[in-house]
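Coordinates in review
Residues per chain, in single letters:
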Amino acid sequence: MLAALDHVQLAAPPGSEDRLRAYYLDALGMTEIPKPPGLAGRGGCWFRAGTVHLHLGIEDPFRPARKAHPGLRVTGIDACAARIAATGAPVTWDEELPGHRRFFSEDPVGNRLEFLEPLVGT
């Protein structure tokens, strides 16, 4: 039976690792995880923050995930949005999910990410 979500993998174009690092390390405050030696030669990079693990794998030809996305629960959503916006990444607020504040953004290669925080008392 399923026990937990181990990671989410998103695709990225060849040669985009430095741009991805700038976003996932600086804008999101994640830590880079070294890829296992057998996988490192494929390119891409892996990140984590607490129990959240995101893997960015190289895909050629590349097509960003525009609809599919990881939903990342955050605390301090306003500060999170400000930090992301300060890097020049888009922040688009959406009020359609009851009981939550949320916004969407894109990483430097165009993958969609959702950031959400439950409202207090819900």
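Let us now look at the sheet that holds strand E1 (residues 8-12). Taken together, the four strands give an open sheet; going across it, the order is E1-E4-E3-E2, and neighbouring strands pair in mixed fashion. A strand with exactly one partner marks an edge of an open sheet, and here the two such strands are E1 and strand E2 (31-33). Direction aside, neighbouring strands of the sheet carry axes that sit 30 degrees apart on average. Judged from the three bridges that link them, E2 and strand E3 (residues 45-49) form a sheet pairing that is antiparallel. Within E3, the position partnered with isoleucine 33 by the bridge is tryptophan 46. Contacts from helix H1 (residues 17-27) reach E1, E2, E3 and strand E4 (52-58) within the one sheet, and its direction differs from that of E3 by about 5 degrees.

What follows concerns the pattern of salt bridges. Inspection of every chain in the model, using the stated rule, returns six salt bridges. A salt bridge links arginine 101 to aspartate 78; the shortest N-O distance between them is 3.0 Å. Remark: aspartate 78 occurs in helix H3 (residues 77-86) and arginine 101 occurs in strand E7 (residues 100-106); sequence separation between them is 23 residues. Each of Asp18, Arg21 and Glu32 takes part in one network of salt bridges that share partners.

Thresholds, definitions, all that
Residues numbered from 1 in each chain as written. Predicted model: local features only at pLDDT ≥ 70, side-chain atom pairs only at ≥ 80, totals over all residues. Heavy atoms only, no water. Pairing = 2+ DSSP bridges. Helix = DSSP H or I, 4+ residues; strand = E, 2+ residues; numbered from the N terminus. Axes fitted to C-alpha atoms, helices over the stretch in contact; angles between N-to-C directions. Contact = heavy atoms within 4.5 Å. Salt bridge = Lys/Arg side-chain N within 4 Å of Asp/Glu carboxyl O.

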